[in-house]
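Architecture at a glance
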Amino acid sequence: MLENQYHFEFPQLYETLLEDRMFDYTAPHYLLDYKFFGVDLEPFSFEEALQNYEDFPFWDKDQSKQIFPFAQTGSGDWYGFCFSMKSETSLPIVLMFHDSDHALFLADHLEDFIFYKMLMASLKVDDECDDETFKAELQRVLSTHKKYLKKEYMKVLEQLYVGPSADLSDCDIEEIYIKETAFTRFHEELYCGI
């Protein structure tokens, strides 16, 4: 168990990802390290995450707002575990915006969140490479992440990654995600203001 003075019980998958250096940019492979479309995820080391949690002005003071950041977007928004909504069966992942009092629910679990980001990675947003290079990159990342995903999720990703990349929109991808995970709170807002 990760030691921390806040007594957060992190999911085993998070601890495994940290042990496997999947949150370490200097490692040969890190979490969702796509060369082309980066799925807008920059993971924090545990030390960085803990420092961000401690530096934020109110998360550690209000029990209803306990969000522990584990990664950020390129624009500085944070992905975090929503400990205030933890239950026996879930530890929701939220996206907290740096310029808003709201967060969005993205997943019930870290595994579902990784699945969502890997689904979104299948959207080719520019022409910086040809389709074959893009698909090879998706396959490379899929091979380094398969041990962190359910077999059912792997099947969906394998099928998606071999199909034509231009045929789906982000709304189509979100529909697949909701169908496969049965997550009903996707993009539901959570108020996090002071």
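Higher on the page you've got the structure.
Here's what I pulled together on the structure shown here. (Residues numbered from 1 in each chain as written. Predicted model: local features only at pLDDT ≥ 70, side-chain atom pairs only at ≥ 80, totals over all residues. Heavy atoms only, no water.)

Things to note about the sheet that holds strand 1 (residues 42-43)
Here is the rule: Strands were regarded as paired on the criterion that DSSP finds at least two bridges between them. Per the convention used, a helix needs a DSSP run of H or I reaching at least four residues, while a strand needs a run of E reaching at least two, with both numbered from the N terminus.
One open sheet holds the six strands; their spatial order is 1-2-3-4-5-6, and the pairing between them is antiparallel. Since the sheet does not close on itself, it has two edges, and those belong to strand 1 and strand 6 (189-191), each with one partner. For strand 4 (residues 93-96) and strand 5 (residues 102-107), the ladder comprises four bridges, and the chain directions are antiparallel. Its bridge partner being in strand 5, M96 is matched across the sheet by A103.

Brief notes about the packing of helix 4 (residues 131-145) against helix 5 (residues 151-162)
Two numbers describe a pair of packed helices, the interaxial angle and the distance between the axes. Put simply, the test is: Every axis in this analysis is a line fitted to C-alpha atoms, fitted for helices over the stretch in contact. Angles between the N-to-C directions lie between 0 and 180 degrees. With respect to orientation, any angle under 35 degrees is reported as roughly parallel, any angle over 145 as roughly antiparallel, any angle of 65 to 115 as roughly perpendicular, and every other angle as oblique. In this scheme the crossing of two helices becomes right-handed for a clockwise turn of the near helix relative to the far one and left-handed for an anticlockwise turn of less than a right angle. Only heavy atoms enter the contact rule, under which two residues are in contact if any of them lie within 4.5 Å. Lys, Arg, Asp and Glu make up the charged group, whereas Ala, Val, Leu, Ile, Met, Phe, Trp, Tyr, Cys and Pro make up the nonpolar group; the residues left over, Gly among them, are polar.
Look at helix 4 against helix 5: their axes get within 9 Å of each other, and the N-to-C directions meet at 165 degrees. Taken together, the axes of helix 4 and helix 5 are roughly antiparallel relative to one another. Note on packing geometry: the crossing formed by helix 4 with helix 5 is left-handed. Contacts between helix 4 and helix 5 involve K135, L138, Q139 and L142 from the first element and M154, L157, E158, Y161 and V162 from the second. Of the residues contributing to the contact of helix 4 with helix 5, the split by class is six nonpolar, one polar and two charged.

Remarks on the packing of aromatic side chains
Defined as follows: Here a Phe, Tyr or Trp ring, Trp counted by its six-membered ring, pairs with any other such ring whose centre lies within 6.5 Å, and the pair is stacked when the planes are under 30 degrees apart, edge-to-face when over 60, and tilted otherwise. To sort residues, take the accessible area from a 1.4 Å probe on protein chains only and compare it with the maximum for the residue type: under 20% means buried, over 50% means exposed, and anything in between is partly exposed. Whether a charge sits over a ring comes down to the Lys NZ or Arg CZ being within 6 Å of the ring centre and within 35 degrees of the ring normal.
On inspection of all chains with the given rule, the structure shows 26 aromatic pairs. Centroid distance Y14 to F81: 5.0 Å. Interplanar angle 75 degrees. Geometry classified as edge-to-face. Of this pair, Y14 sits in helix 1 (residues 12-19) while F81 sits in strand 3 (residues 78-82), and the two are 67 residues apart along the sequence. Accessibility classification places Y14 together with F81 in one group, the buried group. Three or more aromatic residues joined by ring pairs form one cluster here, namely F8, F10, Y14, F23, F46, Y53, F68, F70, Y79, F81, F83 and F113. Residue placement shows R185 over the ring face of F105; its charged tip is 4.1 Å from the ring centre.

Here we look at the nonpolar core
Applicable threshold: As used in this record, nonpolar core signifies buried Ala, Val, Leu, Ile, Met, Phe, Trp, Tyr and Cys residues forming a set joined through side-chain atoms within 4.5 Å.
Counting residues in each nonpolar core, the largest one holds 63 residues, and the members touching the most others are Y14, F68, F70 and F81. Top element by residues in this core is helix 3 (residues 110-120). It accounts for eight residues. The residues contacting F68, other than those within four sequence positions of it, are F8, F10, Y14, F46, A49, L50, Y53, Y79, G80, F81 and F83.

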